[in-house]
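Listed here are the chains, written in short residue letters.
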Amino acid sequence: MPENIKEEYNLLRYGAGAVVLEENIIKLTGKDTLDFIHRVSTNDVKGLMPGAKIRTLFLNDKGRFVDRTIFLYITDFFWLVGQNDPDKKLLSWINKYIITEDIITEDLTNDYKVITITGQQSASYLSLIFGQEFTSLDDKNLIVTQTSGFDTVLFRCVEKGQTFYKVIVKSNQYNQFVEYLNANKSVFDFGFVSDEAFKYYCILHGLPGRNEITLEFNPHEVGLTDEISFTKGCYIGQEVIARLDTYDKVQKKLIGVKIEANMPEKSYDIYNSGEFAGIITSGINVDGEFYGLAVVKKKYLDDNPLYISYEGKEVEIAVRNFD
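For the structure given in this document, a descriptive report is provided here. Everything numeric in this text was worked out from a predicted model, so none of it was measured. (Residues numbered from 1 in each chain as written. Predicted model: local features only at pLDDT ≥ 70, side-chain atom pairs only at ≥ 80, totals over all residues. Heavy atoms only, no water.)

**Let's talk about the overall build of the protein chain**
Summing up its helical and strand segments, the protein chain has 8 helices and 17 strands in all. Projected onto its principal axes, the C-alpha coordinates of the protein chain cover approximately 60 × 50 × 30 Å. In the protein chain, which comprises 323 residues, the proportion classed as buried is 54%. As displayed, the protein chain has an accessible area near 15300 Å², and 45% of this comes from carbon and sulfur atoms. Of the charged side chains in the protein chain, 35 are positive and 47 negative; the average position of the first set lies 4 Å away from that of the second. (Helix = DSSP H or I, 4+ residues; strand = E, 2+ residues; numbered from the N terminus. Buried < 20%, exposed > 50% of the residue type's maximum accessible area, 1.4 Å probe, protein only. Areas by Shrake-Rupley, 256 points an atom, 1.4 Å probe, with all protein chains shown as cover. Lys, Arg positive; Asp, Glu negative; His and termini not counted. Charge placed at Lys NZ, Arg CZ, Asp CG, Glu CD.)

If you want it as structure tokens, here you go:
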């Protein structure tokens, strides 16, 4: 097993690294589901057929995030796989907008585990696990399968050049399924990593997470406009998002930062020549250095250095390219 974050990171990049994150699952059933999700979320889902999946965002009327989801058309029902959401904000938001539609919602979060697997060996490893069915997988479909007695849903996502495979398994089968994965890794460098290692991976690759997908930001600011259809027409928040796009009014940008200091892993206000410039949203210490994601006003990125105030001193921030 990996002994530190950098070893775990190498597993995620060069092997087949797996992590179990707290992801919510909402089941939707009813003849109006597809039309409803098409009307209220950002992507064009109306033409989806059974066995398909797509990323789609849920925004408020100001164009800020409610949640980022993967919409799965299983058979005669649908799943929304979203971020960790202990307060059930997305479920409440959806139920608020269901008025006369024939839709039933159900929270399945406790009934399933979502395993995310990535790395250069992940496709070959999963081909060994799932066999011939795995070869039919692409970026738009999903596979509902039974593997050695385990009921699973398998699909693939590509984000900012990184490929992730997600396996959803029933919670009551999870422990046995993990034993099966470990027992059948063959020659592959497969293993589970910590949440911290995956956080480090996401920060280095510029992948926004729960600290960036919040009511503080919109999809333009964190680089998720590819999960929006700009041709399908209305959705909640559409007017704001379209105006930002049409008139080039996006003032903030997600960037990577690095500070040569071992600092508390929290958010920090960023300054430029005494003026507030943005905020560090996510951070992690690795080998005495602080790596983070930050949302910064674009006008401050090209001139004087950025810095934070820490322990009464101005600490300079280096802007880093994503891996």
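**A closer look at the sheet that holds strand β3 (residues 53-59)**
The strand order β3-β4-β5-β2-β6 describes an open sheet built from 5 strands, whose pairing is antiparallel. Two strands bound the open sheet, and with one partner strand each, they are β3 and β6 (104-107). On average, each strand axis in the sheet is inclined to that of its neighbour by 25 degrees, with strand direction left out of account. With 4 bridges connecting them, strand β4 (residues 65-73) and strand β5 (residues 78-82) associate as antiparallel partners. Considered in β5, the bridge of isoleucine 70 is made with valine 81. (Pairing = 2+ DSSP bridges. Axes fitted to C-alpha atoms, helices over the stretch in contact; angles between N-to-C directions.)

**Remarks on the packing of helix α1 (residues 5-14) against helix α6 (residues 195-205)**
For the pair α1 and α6, interaxial distance at closest approach is 9 Å and the crossing angle is 65 degrees. Note on packing geometry: the crossing formed by α1 with α6 is right-handed. Of the residues in α6, those touching α1 at Ile5, Lys6, Glu8, Tyr9, Leu12 and Arg13 are Glu196, Ala197, Phe198, Tyr200, Tyr201, Leu204 and His205. Of the residues belonging to the contact of α1 with α6, the class tally is 8 nonpolar, 1 polar and 4 charged. (Left-handed = near helix turned anticlockwise from the far one by under 90°. Contact = heavy atoms within 4.5 Å. Nonpolar A, V, L, I, M, F, W, Y, C, P; charged D, E, K, R; others polar.)

**Concerning the pattern of salt bridges**
Oppositely charged side chains can form a pair if their charged atoms are brought close together. This model, assessed by the stated rule, comprises 17 salt bridges. Arginine 68 is the salt-bridge partner of glutamate 227, the closest N and O atoms lying 2.5 Å from each other. Remark: arginine 68 occurs in strand β4 and glutamate 227 occurs in the loop between α7 (219-222) and α8 (238-246); sequence separation between them is 159 residues. For the pair glutamate 227 and arginine 68, one class covers both residues: buried. Among the charged side chains, a salt-bridge network with shared partners connects Asp35, Arg39, Lys46 and Glu101. (Salt bridge = Lys/Arg side-chain N within 4 Å of Asp/Glu carboxyl O.)

**Description of the environment of isoleucine 284**
Take isoleucine 284: it is sitting in strand β14 (residues 275-286). Overall, the relative accessible area of 0% leaves isoleucine 284 in the buried class. C-alpha of isoleucine 284 to C-alpha of cysteine 202: the two residues are 82 residues apart in sequence and 11 Å apart in space. When sequence neighbours within four positions are dropped, the list of residues in contact with isoleucine 284 reads Ile5, Glu196, Lys199, Tyr200, Ile203, Glu265, Glu289, Phe290 and Tyr291.

**Concerning the nonpolar core**
One finds Phe65, Phe198, Tyr200, Tyr201, Ile284 and Tyr291 to be the most contacted residues of the largest nonpolar core, which totals 31 residues. Elements supplying a minimum of two residues to this core: α1, β3, α6, β14 and β15 (289-297). Of the residues forming this core, the biggest block, 7 residues, is contributed by α6. Among all residues touching tyrosine 200, those that are not within four sequence positions of it are Ile5, Lys6, Tyr9, Ile284, Val286 and Tyr291. Counting 24 residues, the second largest nonpolar core, distinct from the first, contains Tyr125, Leu137, Tyr165 and Phe188. (Core = buried A, V, L, I, M, F, W, Y, C linked by side-chain atoms within 4.5 Å.)

**Let's talk about the sheet that holds strand β7 (residues 112-118)**
Strand order across the open sheet formed by 6 strands is β8-β9-β10-β7-β1-β11, with mixed pairing between neighbours. Every other strand in the sheet has two partners, leaving β8 (142-147) and β11 (190-192) as the edge strands with one partner each. Averaged over neighbouring strand pairs, the angle between their axes works out to 25 degrees when direction is ignored. Alignment of strand β1 (residues 16-20) against β7, held across 4 bridges, turns out to be antiparallel. Note on β7: the bridge partner recorded for valine 19 is threonine 116. The sheet strands contacting helix α5 (residues 174-183) are β1, β7, β8, β9 (150-159), β10 (162-170) and β11, and the helix crosses β11 at an angle near 150 degrees.

**Overview of the environment of lysine 252**
As for its position among the elements, lysine 252 is in strand β12 (residues 252-259). Ignoring anything within four residues of it in the chain, the contact list for lysine 252 reads Glu221, Val295, Val296, Lys297 and Lys298.

**Notes on α6**
Side chains three or four residues apart in an α-helix point the same way, a direct result of the helix having 3.6 residues per turn. Counting buried residues along α6, 8 of its 11 residues qualify, which places the element largely inside the surrounding structure. Residues of α6 that are buried include every one of Ala197, Phe198, Tyr200, Tyr201, Cys202, Ile203, Leu204 and His205, and no others. Glycine 206 occupies a position one or two residues after α6 and carries a positive phi of about 70 degrees.

**A short note on helix α3 (residues 89-97)**
Along α3, the residues that are buried comprise Leu90, Leu91, Trp93 and Ile94. Mapping the buried residues of α3 onto a view down its axis gives an arc of 160 degrees, with all of them on the same face. (Arc of directions from axis to C-beta.)

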